[in-house]
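Topology and contacts: notes
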Amino acid sequence: MGTTTLITFIVYLAGMLGIGLYMYFRTNNLSDYVLGGRSLGPGVAALSAGASDMSGWLLLGLPGAIYASGMSEAWMAIGLSIGAYLNWQFVAKRLRVYTEVSEDSVTVPDFLENRFKDKSHILRVISALVILLFFTFYTSSGMVAGAKLFEASFGLSYQSALWIGTLVVVSYTLLGGFLAVSWTDFIQGILMFLALIVVPIVALNNMGGWDAAVNAVGQINPDHLNMIQGVGIIAIISSVAWGLGYFGQPHIIVRFMALKSAKDVPKARFIGTTWMILGLYGAIFTGFVGLAFISTQDVNVLSEFGISVVTENGIQMLEDPEKIFIAFSQILFNPIVAGILLAAILSAIMSTIDSQLLVSSSAVAEDFYKAIFRREAKDKELVWVGRFATVGIALIAALIATNPDSSVLTLVSYAWAGFGAAFGPTILLALFWKGFTRNGALAGIIVGAVTVIVWGDFLSGGIFDLYEIVPGFLLNLIVAVLVSMAGKPSQEIEAEYDEAVAKLNE
């Protein structure tokens with residue numbers, strides 16, 4: 001990395017840390033730290049939700065998958081676009097209203113406990129355990145992506161790159177809490193969006209246009225041009241099923257809870273959906289054009305930029321397909337723009353890690369420490385417990401990420417399935433079914449989480465190649481409904497449900 005690029009990159013990092021420091025002085029209590037005092041406008045909520053959702057997967061994982069396997073990987077983008085829209089359309093407004101009505105709940109476990117008036121705290125604890133389990137893997141995926149970026153950009157060893165990236169993200173999350181996370185995500189979301197529009201356009205122009213890129217890819221592998229060729233029905237269902245995960249992602253739905261007003265949802269939905277669709281298209285085109293581009297480059301030029309290639313079936317390919325965006329940034333742009341584009345990759349990574357760390361730390365502070373050990377704990381004490389938890393969780397995730405062969409997409413898919421299967425049906429039923437019970441929610445969460453773990457880790461081949469979110473989501477839904485039908489919610493729960501619905505219709 002040249003001096004100019006390095007300076008640009010460092011200025012960006014300093015800006016993010018500056019926001020964290022500024023928000024430190026605006027964080028006065030636990031609600032501020034974990035939910036920002038419900039003060040987000042539609043633009044900040046939409047872009048911070050999108051940025052925290054997409055992570056390094058959008059600039060590294062998806063372009064890498066398209067680069068390696070072709071347009072068949074685009075089914076995932078279709079499923080995600082549909083899922084994100086439906087989440088804004090049906091969950092956002094109801095959750096914003098219901099969490100405020102239900103004792104002003106500030107976390108997902110907090111909402112579930114208050115929604116079902118669970119005095120035993122078991123629903124809160126189980127929910128928090130699921131969050132900590134899967135977010136540790138999810139956070140680890142972001143750290144792998146960050147290490148790959150620092151490794152490729154600075155020529156550092158993978159291990160050094162991992163710990164430097166971890167230190168930067170933990171620093172501003174530790175300082176500023178939810179407001180720092182949301183505002184840095186807002187800026188990072190804009191940067192990611194611009195990068196995903198600019199890079200494929202410049203790359204296409206360099207290749208001589210869309211037709212030239214298509215012809216080049218077709219000569220390398222004709223199957224890469226087809227979304228269906230060589231793709232089985234299980235693979236297509238698995239890819240589209242990623243959309244189911246949105247209903248249960250705590251770091252995304254917490255943005256709905258943090259909106260200043262439920263009336264802001266339509267504007268936020270438009271901003272968020274537009275951002276996502278255009279960003280996904282940009283990522284797909286980056287990977288697609290990248291295959292043609294790298295195959296035509298002089299290997300000596302690539303090596304000057306620290307880009308490693310291998311030859312497969314006579315075709316020059318990146319050794320690590322997930323670094324195609326980094327390669328474009330280094331080769332096609334002047335040092336200042338290259339620094340900005342590399343900062344965009346870091347933006348994608350940081351915007352998800354910080355959100356995950358915040359939700360995880362709030363689970364420790366609010367759902368374990370306060371609910372079980374110190375119910376009389378004051379807000380300042382809980383904020384500091386959350387900060388210490390942020391450091392602890394980050395260290396565990398970083399240790400998991402120390403394997404340099406880790407795949408960003410693999411780690412993300414496991415955690416995404418875990419949350420989607422455990423919380424997706426639970427949140428939907430809690431918001432839309434008056435007869436949903438505590439026992440139904442508890443049984444559904446456990447079944448959904450266990451199904452993902454067993455299906456993903458111990459079963460393989462045939463039908464078991466189906467993405468684990470599908471059986472996990474369906475079994476959660478079935479079990480939750482059957483168990484709830486065997487009981488009946490109290491009059492207090494039904495009255496609060498009616499109050500939330502009435503407020504929703506105001």
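Overview of the structure. (Residues numbered from 1 in each chain as written. Predicted model: local features only at pLDDT ≥ 70, side-chain atom pairs only at ≥ 80, totals over all residues. Heavy atoms only, no water.)

Turning our eyes to something else, we now look at the side chain of S105. The topology assignment puts S105 in the loop between helix 4 (75-101) and helix 5 (108-115). What makes S105 buried here is its relative accessible area of 0%. Engagement of the side chain of S105 in a polar contact is seen with the backbone oxygen of S102, the distance being 2.7 Å. One polar contact links S105 to N114, side chain to side chain, over a distance of 2.9 Å. (Helix = DSSP H or I, 4+ residues; strand = E, 2+ residues; numbered from the N terminus. Buried < 20%, exposed > 50% of the residue type's maximum accessible area, 1.4 Å probe, protein only. Polar contact = N/O pair within 3.5 Å; in protein donor to acceptor, adjacent residues only side chain to side chain.)

Once that is clear, we can look at the packing of helix 17 (residues 438-458) against helix 18 (residues 469-485). Closest axis-to-axis distance for the helix 17/helix 18 pair is 8 Å, and the angle between their directions is 155°. Taken together, the axes of helix 17 and helix 18 are roughly antiparallel relative to one another. With respect to the hand of their crossing, helix 17 and helix 18 are arranged in right-handed fashion. Taken together, the residues of helix 18 that come into contact with helix 17 (itself represented by N439, G440, A443, G444, I445, V447, G448, T451 and W455) are P471, G472, L475, N476, V479, A480, V483 and S484. (Axes fitted to C-alpha atoms, helices over the stretch in contact; angles between N-to-C directions. Parallel < 35°, antiparallel > 145°, perpendicular 65-115°, else oblique. Left-handed = near helix turned anticlockwise from the far one by under 90°. Contact = heavy atoms within 4.5 Å.)

We now examine empty space enclosed by the protein. For the coordinates displayed, the defined rule picks out 5 cavities of 30 Å³ or more. Considered as a void within the structure, the largest cavity measures approximately 110 Å³ in volume. Around the largest cavity, the lining is made up of 13 residues, and of these A49, G50, A84, W88 and M276 lie nearest the centre. Among the elements of the structure, helix 3 (42-69), helix 4, helix 10 (250-257) and helix 11 (265-295) are those that each provide at least two residues to the lining of the largest cavity. In terms of residue class, the lining of the largest cavity is built from 8 nonpolar, 4 polar and 1 charged. (1 Å grid on protein atoms, 1.4 Å probe; cavity = no way out; pocket = protein on both sides within 12 Å on 5 of 7 lines; lining within 4 Å. Points joined across faces, edges and corners; volume = space filled by probe spheres on them. Nonpolar A, V, L, I, M, F, W, Y, C, P; charged D, E, K, R; others polar.)

Further remarks concern the environment of Q219. Tracing the backbone shows Q219 in helix 8 (residues 210-220). What makes Q219 exposed here is its relative accessible area of 69%. Measuring from C-alpha to C-alpha, the distance between Q219 and A292 comes to 9.2 Å, with 73 residues separating the pair along the chain.

Throughout the structure, instances matching the rule amount to 9 salt bridges. Across the pair E100 and K503 runs a salt bridge whose closest N-O atoms are separated by 3.7 Å. With E100 in helix 4 and K503 in helix 19 (residues 491-504), this residue pair connects regions lying 403 residues apart in the sequence. When its relative accessible area of 32% is taken as the criterion, E100 is described as partly exposed. Judged by relative accessible area, which is 34%, K503 ranks as partly exposed. With a closest N to O distance of 3.3 Å, E494 and K488 form a salt bridge. On the accessibility criterion, K488 (64% relative accessible area) is exposed. One network of salt bridges, with partners in common, ties together R96, E100 and K503. (Salt bridge = Lys/Arg side-chain N within 4 Å of Asp/Glu carboxyl O.)

Taken as a whole and judged by the stated rule, the model has 15 aromatic pairs. Between the aromatic rings of Y98 and F111, the centroid separation amounts to 5.5 Å while the plane-to-plane angle is 70°, which identifies the pairing as edge-to-face. Taken as a pair, Y98 in helix 4 and F111 in helix 5 lie far apart in primary sequence, 13 residues in all. The pair formed by Y98 and F111 is uniform in burial state, with each residue classed as buried. Ring centres 5.3 Å apart and planes at 80° place the aromatic pair F116 and F436 in the edge-to-face group. Note that F116 is positioned in the loop between helix 5 and helix 6 (122-154) and F436 in the loop between helix 16 (408-432) and helix 17, a separation of 320 residues in sequence. Residue classification places F116 among the buried positions, given a relative accessible area of 3%. An aromatic cluster is present here, built from F134, Y414, F419 and F423 joined pairwise through their rings. (Phe/Tyr/Trp six-rings, centres within 6.5 Å; stacked < 30°, edge-to-face > 60°.)

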